[in-house]
Structures are given as structure tokens and as C-alpha cells.
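Here is what each chain is made of, one letter per residue.
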Amino acid sequence: MRRFEGKNVLVTGGSTGIGRATAIRFADEGANVAINYYASETEAEITLEEARKTCSIIRGKGCGEMLVQGDVAHEEDVKRIFREVLGAWGRLDILVNNAGVQIASPAHETDMDAYDRVLAVNLRGAFLCAREAVRHFLDRGGGGVVLNTTSVHETIPKPYYAPYVASKAGLAALSRTLALEYAGQGIRVNTVAPGAIATPMNREWMDDPARRAEVEKHIPVGRAGLPEEVAAVFAFLASDEAAYITGQTLYVDGGLTLYPDFRVPWSSGS
Ligand code: NAI
């Protein structure tokens, strides 16, 4: 399928994991893809290297690509990211808000700088990018697509991850509100909520067979998801096949939101 021939897509945090797979998937279907990447000083080389590799894969598919550095939590960075993309291509069709961070800490010990950072990247960052995209869609007319990345933890509580859960629940609410606000202008806003996906964010358990088996025991389909399986859903939601879908969350979670503890009827006599 070449559903995005001639379309321009921006993926935030697009150099690794789900973002990287999504950037490649859009290119597989003919889109030009701008990859936003960001890293702290110490990680910069690694992230940039990953981003460059992703770009060369996209180039290999005959699509346009560009790299745009920037911290989505910073308004000036986000404005510059959009200036660079629109300056080069003149038009954006699809924004994928994928950048995200998490920290683990008991709520009562959570440092407020860490709390603020998680909210700033996951919620403020997604809003800033969505706002710039919507401004552009309204200016040029003809609508557009905003896709946000939450998590099964937009609904399932997750002890030790209070700021992350708050950011993702907030982003789900934000998505629905933007969807309603701009539906009349042809702008669709939807959300993808991944479960446990094998990406760098889950390095801790992914590469340890015993820990991975423990994680996978909780997933009804019996395995972690692949970034490509999430990317396929972003592509569907961005495509015209989803033209009548807005304001929805699509869970890509192998059944994690199905209350897996109820696989056996422990709550009633049998
Ligand atoms: P990842 O760590 O590979 O991807 C996150 C990306 O965001 C990285 O490329 C990182 O450099 C970038 N990023 C971080 N802060 C940024 C900032 N301030 N500005 C721009 N980019 C920034 O992990 P993964 O798993 O690919 O995560 C992608 C999204 O999926 C995140 O929003 C995450 O919360 C979400 N998610 C992931 C799940 C998983 O199991 N892997 C489950 C549920 C949601």
C-alpha cells in the first residue's frame, strides 16, 4: 500500500523505538518524513546516530527525509521545528506526537523537577506540537491529522509512575478535546495507546529473559508487542480509511486492558 504518496509527516522522538518504526512505516507507504530527535548532552551522539540511520532507510525508499533537533517541551524549539519543516517542504499533513519519557519513583519520594519534566515532555510537548500543527492546518485549509501516543496507563493505574500516568491520562483528554474543537475544519485527532512494547524504554526487562517472561505472563496474547505493530496503527489512523474516526483511543496492547486477572472466574463460584 502507498497510502501516503506525496504526504509530509513529522514524528517527534522519531529516532528510536515506536517513533523510528512509525517513521519507516510512513516512508514504506510513500511519505516524506521529518524526524524530530532530542537528547541530553550525554546521549546526543547516540540519538543523532540513530536518527541518521533512520533517515538513510527512508532515503533508500525514495522518500524525502529531514532531521530536526529540538526539545518538544520548549515552545521556542517547537516553533523552530515547525519553521524548519515548513520552510523545507511548505506543507505538513500528519503530526505524530510520539516523544515521551518516564521516571520510576514512589509518589511520596518523587522529586518535583522529575515530575515537571515528565509532564513537560509528555503533555505540554504534545500540546505545543499539536498547536503548531493545527495553526498550519487552519492557515492552509484542507484539514490534517494529529496522532498522539498515550499508553494503557491512560486508564490503568501504575504505582511508582504517578507523573507518567497523569501525563498520559491528560493527553487522552486533550486529544478528545482537540478532536471536538477542530472536527469541523477537517482536522482529525486520535490517540494510540500501546501496551508493553519491545523498545529502548523497556530495556530493563526486555534483554533479561527471566524478567521478560515475567512481563509477558501478564499479557493475554502472551508476548510483548513490536514497535512495527504500533506503527501500523498510526498508519491506519492517519490514512483516509480512518476518515470517519476522530477523538478515539486505539489500544495496541495484546489485551492488557481486558483485566487479565479475570482470565479465570475467581470472583464467582464455578
Ligand atoms: P523510546 O525511549 O525509544 O522513545 C521515546 C523517544 O522520545 C526517544 O527517541 C527520546 O529521545 C524522545 N524524547 C524524549 N524526550 C524528548 C523531548 N523532550 N523532545 C523530543 N523528543 C524526546 O521509547 P518508546 O517506547 O518508543 O516510546 C515512544 C512513545 O510510546 C512514548 O510516548 C511512550 O510513553 C509511549 N509508550 C511506550 C510503551 C512501551 O512499552 N514501549 C508503552 C506505552 C506507551
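Preceding this section is the structure that the text describes.
Keep in mind that this is a model prediction, so the values were computed, not measured. (Residues numbered from 1 in each chain as written. Predicted model: local features only at pLDDT ≥ 70, side-chain atom pairs only at ≥ 80, totals over all residues. Heavy atoms only, no water.)

1. Describing the packing of aromatic side chains
Piece 1. Inspection of every chain in the model, using the stated rule, returns 3 aromatic pairs.
Piece 2. For the pair Tyr259 and Phe262, a centre-to-centre distance of 6.4 Å together with 90° between the ring planes defines the contact as edge-to-face.
Piece 3. Overall, Tyr259 belongs to the exposed group, its relative accessible area being 62%.
Piece 4. Residues Phe262 and Trp266 carry aromatic rings whose centres are separated by 5.0 Å and whose planes lie at 40° to one another, so their mutual orientation is tilted.
Piece 5. Judged by relative accessible area, which is 54%, Trp266 ranks as exposed. (Phe/Tyr/Trp six-rings, centres within 6.5 Å; stacked < 30°, edge-to-face > 60°. Buried < 20%, exposed > 50% of the residue type's maximum accessible area, 1.4 Å probe, protein only.)

2. Concerning the pairing of strand 3 (residues 65-69)
Piece 1. Residues Met66 and Val68 point to one face of strand 3 and are all buried, whereas Glu65, Leu67 and Gln69, pointing to the other face, are not buried.
Piece 2. Bridging between strand 2 (residues 32-37) and strand 3 involves 5 bridges; their strand directions are parallel. Each bridged residue has a counterpart across the sheet, and for Tyr37 the counterpart in strand 3 is Gln69. (Helix = DSSP H or I, 4+ residues; strand = E, 2+ residues; numbered from the N terminus. Pairing = 2+ DSSP bridges.)

3. Section: the layout of surface pockets
Piece 1. Approximately 260 Å³ is the volume attributed to the second largest pocket.
Piece 2. If you go around the second largest pocket, you meet 17 residues; those closest to its centre are Lys7, Val145, Ala238, Ser239 and Asp240.
Piece 3. Taken together, the residues of the lining of the second largest pocket sort by class into 5 nonpolar, 4 polar and 8 charged. (1 Å grid on protein atoms, 1.4 Å probe; cavity = no way out; pocket = protein on both sides within 12 Å on 5 of 7 lines; lining within 4 Å. Points joined across faces, edges and corners; volume = space filled by probe spheres on them. Nonpolar A, V, L, I, M, F, W, Y, C, P; charged D, E, K, R; others polar.)

4. As for the site of the ligand
Piece 1. Residues in contact with the ligand amount to 29 residues; listed here are only the nearest, Thr16, Asp71, Tyr164, Thr199 and Asn202.
Piece 2. At 2.8 Å, a backbone N or O of Asn98 approaches an oxygen atom of the ligand.
Piece 3. For the ligand, the protein covers 92% of the area, taking 810 Å² as the surface of the free molecule.
Piece 4. Looking at the shell around the ligand, the elements with two or more residues in it are helix 1 (17-28), helix 4 (112-140) and helix 5 (162-182).
Piece 5. Along the lines of polarity and charge, the residues of the shell around the ligand split into 12 nonpolar, 14 polar and 3 charged. (Near = heavy atom within 4 Å. Polar contact = N/O pair within 3.5 Å; in protein donor to acceptor, adjacent residues only side chain to side chain. Areas by Shrake-Rupley, 256 points an atom, 1.4 Å probe, with all protein chains shown as cover.)

5. Things to note about the pairing of strand 4 (residues 94-97)
Piece 1. What you see with strand 4 is no split at all: Ile94 and Val96 on one side and Leu95 and Asn97 on the other are buried throughout.
Piece 2. In this sheet, strand 4 lies alongside strand 1 (residues 8-11) in parallel orientation, the contact comprising 3 bridges. For Val11, the partnering residue across the bridge sits in strand 4 and is Val96.
Piece 3. Pairing geometry for strand 4 and strand 5 (residues 144-149), over 4 bridges, is parallel. Looking at the pairing, Asn97 lines up with Asn148 of strand 5.
Piece 4. Read from strand 4 through helix 4 to strand 5, the crossover connection turns out right-handed. (Right-handed = clockwise from strand over helix to strand, strands pointing away.)

6. Here we look at the sheet that holds strand 3
Two pairing modes exist for strands in a sheet, parallel and antiparallel, and in both the strands are linked by backbone hydrogen bonds.
Piece 1. Read from one edge to the other, the open sheet built from 7 strands follows the order 3-2-1-4-5-6-7, with strand pairing classed as parallel. Looking at the sheet topology across the chains shown, the edges are occupied by strand 3 and strand 7 (249-252). Strand-to-strand twist in this sheet, taken as the mean axis angle between neighbours without regard to direction, amounts to 20°.
Piece 2. Here helix 5 sits on the sheet and contacts strand 5 and strand 6 (187-194); the angle it forms with strand 6, its principal contact strand, is near 160°. (Axes fitted to C-alpha atoms, helices over the stretch in contact; angles between N-to-C directions. Contact = heavy atoms within 4.5 Å.)

7. Thoughts on the environment of Ile156
Piece 1. Its location among the elements puts Ile156 in the loop between strand 5 and helix 5.
Piece 2. For Ile156, a relative accessible area of 27% gives the class partly exposed.
Piece 3. When the C-alpha positions of Ile156 and Tyr182 are compared, they lie 28 Å apart, and in sequence the two are 26 residues distant.
Piece 4. Setting aside residues no more than four positions away along its own chain, Ile156 makes contact with Val165, Leu256 and Thr257.

8. Describing the environment of Ala173
Piece 1. Within the element layout of this structure, Ala173 appears in helix 5.
Piece 2. When the C-alpha positions of Ala173 and Gly247 are compared, they lie 9.1 Å apart, and in sequence the two are 74 residues distant.

9. Thoughts on unusual backbone geometry
Generally, phi is negative for residues other than glycine and the peptide bonds are trans, each holding for most cases.
Piece 1. Here Tyr160, not a glycine, exhibits a phi torsion of approximately 75°, which is positive.
Piece 2. Following the sequence through the fold, Tyr160 ends up in the loop between strand 5 and helix 5.

10. Details of the side chain of Asn202
Piece 1. Residue position: Asn202 is located in the loop between strand 6 and helix 6 (203-206).
Piece 2. Polar side-chain contacts of Asn202 include one of 2.8 Å to the backbone oxygen of Ile197.

11. So, the nonpolar core
Piece 1. Judged by nonpolar contacts, the single largest core of 30 residues is most densely connected at Phe26, Val33, Ile94, Val96 and Phe234.
Piece 2. Secondary structure elements with two or more residues in this core: strand 1, helix 1, strand 2, helix 2 (44-60), strand 4, strand 5 and helix 8 (227-238).
Piece 3. Residue contributions to this core peak at 6 residues, all from helix 8.
Piece 4. Not counting residues within four places of it along the chain, the set of residues in contact with Phe234 comprises Ile18, Thr22, Phe26, Val96, Leu147, Asn148, Thr149 and Val192. (Core = buried A, V, L, I, M, F, W, Y, C linked by side-chain atoms within 4.5 Å.)

Function-wise, these values are silent; they only describe arrangement.
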